[in-house]
Amino acid sequence: MLDYRLLVFRTVAEKLNFTRAAEVLHISQPAVTQHIKQLEAHYGTPLFRRSPAGIALTDAGHVLFDHASRTLDAHGKIEAQIRAGLAVLTGPLRLGASMTIAQYLLPRWLGKFQQAQPGVALTLRNGNTEEITGALLAGRIDLGLIEGPSGRRELKSVPFFEDEILCLAAPTHPLARKARVTLAELAGAAFVGREPGSGTRHVVERALKKAGLTPGKLNVVLESSGSETIKGLLASGLGLGFLSRLAAQNELALGQLSIVPVRGLRIARPFYFLHLQGPPPTGPAGAFIAFSHDAARAT
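Keep in mind that what you see is a predicted model, and the values were worked out from it rather than measured.

Visitor: What is the right way to read the packing of helix H1 (residues 4–15) against helix H2 (residues 18–25) from this model?
Guide: If you want to describe how two helices pack, look at the angle between their axes and the distance between the axes. For the pair H1 and H2, interaxial distance at closest approach is 8 Å and the crossing angle is 130 degrees. In terms of orientation, H1 lies oblique with respect to H2. In this structure, H1 crosses over H2, and the sense of that crossing is right-handed. Along the contact surface, H1 presents Tyr4, Leu7, Val8, Thr11, Val12 and Lys15, while H2 presents Phe18, Arg20, Ala21, Val24 and Leu25. Taken together, the residues of the contact of H1 with H2 sort by class into eight nonpolar, one polar and two charged.

See below:
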């Protein structure tokens, strides 16, 4: 997959002006600056010489400019061939997905995608939302799938699937037997929570604040990074917990868990594709995005 930072660098090198480069690329000037800083950190040397009169390429910058120009020109030719139907879709696709997506959504999709695109070599990295964001920024993955927008200006989040987070408990829990639970009752119950950095935790905390309940007032007796562990703890009667409907659908169908209906609280959350700012991904990553939108509609 083309590193968009090379396009940003070449545009700045041609314009010798960060603001004009941002206008050409249709991104913000801080995003341009961040991309250049990442490249300079990666190569361990300044690429531009800055002075009151403006900016100029350093010796290292000239070397990278020649490389970036050749790489971008070659990529343009390959993309033109692909769009013209003259090339078979092949190559690596390094995906990174947060836990819920990796465990409960992607297994349904990756097999079908591989059958449709046998020339694509798939790899999947699992982690929480913060870990996937970091892997994308570091260039270790081509495309992220996360449970909430990243909030990073140099990254773009595109929704592709709507999930729902449910408040769950064992069927024998007193609150699971009630027709409706108040926020005050919720605050008085024991909870099993997700770990810091979890996309589910972030979305739940934001929804609780909006409903009028400070997340810090919940009586969290244990935290875990695994949905399977949390489901087992909830089924044992340890307390309440918030989990994706996708993660809990089997346990709900088998009667091992029950939904705790909380008055005034419904937590819908989109899942997002995450990629570097700039043009939409092409090649294997672009094909997977298109496939996933179709799969989401079918799901």
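Once you've had a look at it, read on.
Visitor: Looking at this structure, how should I read the packing of aromatic side chains?
Guide: Given two aromatic rings, one states the distance between the centres and the angle between the planes to describe the pair. Counted under the stated rule, the structure contains twelve aromatic pairs. With a centroid separation of 6.1 Å and 65 degrees between ring planes, the pair formed by tryptophan 109 and phenylalanine 160 is classed as edge-to-face. Remark: phenylalanine 160 occurs in strand S6 (residues 155–169) and tryptophan 109 occurs in helix H6 (residues 106–116); sequence separation between them is 51 residues. As far as the burial class goes, tryptophan 109 and phenylalanine 160 line up, both buried. Taken together, a centroid distance of 5.7 Å and an interplanar angle of 20 degrees make the contact between phenylalanine 161 and phenylalanine 271 stacked. Taken together, the residues phenylalanine 161 in strand S6 and phenylalanine 271 in strand S11 (residues 267–276) connect sequence positions 110 residues apart.

Visitor: What exactly am I supposed to notice about the nonpolar core here?
Guide: One recurring pattern in soluble globular proteins is that nonpolar side chains are buried together. Counting residues in each nonpolar core, the largest one holds 33 residues, and the members touching the most others are Val8, Phe9, Val12, Val32 and Phe48. Counting residues per element, the ones that place at least two in this core are H1, H2, helix H3 (29–43), strand S2 (54–57), helix H4 (59–83), helix H7 (129–137) and S11. At seven residues, the largest contribution of residues to this core is made by H1. Dropping the residues within four chain positions of it, valine 32 is found in contact with Val8, Val12, Phe18, Ala22, Leu25 and Ile27. Among the nonpolar cores identified, the runner-up in size contains 27 residues, and Leu110, Phe113, Phe160 and Ala247 belong to it.

Procedures and definitions
- Residues numbered from 1 in each chain as written.
- Predicted model: local features only at pLDDT ≥ 70, side-chain atom pairs only at ≥ 80, totals over all residues.
- Heavy atoms only, no water.
- Axes fitted to C-alpha atoms, helices over the stretch in contact; angles between N-to-C directions.
- Helix = DSSP H or I, 4+ residues; strand = E, 2+ residues; numbered from the N terminus.
- Parallel < 35°, antiparallel > 145°, perpendicular 65-115°, else oblique.
- Left-handed = near helix turned anticlockwise from the far one by under 90°.
- Contact = heavy atoms within 4.5 Å.
- Nonpolar A, V, L, I, M, F, W, Y, C, P; charged D, E, K, R; others polar.
- Phe/Tyr/Trp six-rings, centres within 6.5 Å; stacked < 30°, edge-to-face > 60°.
- Buried < 20%, exposed > 50% of the residue type's maximum accessible area, 1.4 Å probe, protein only.
- Core = buried A, V, L, I, M, F, W, Y, C linked by side-chain atoms within 4.5 Å.

Read these as spatial facts, not as claims about activity.
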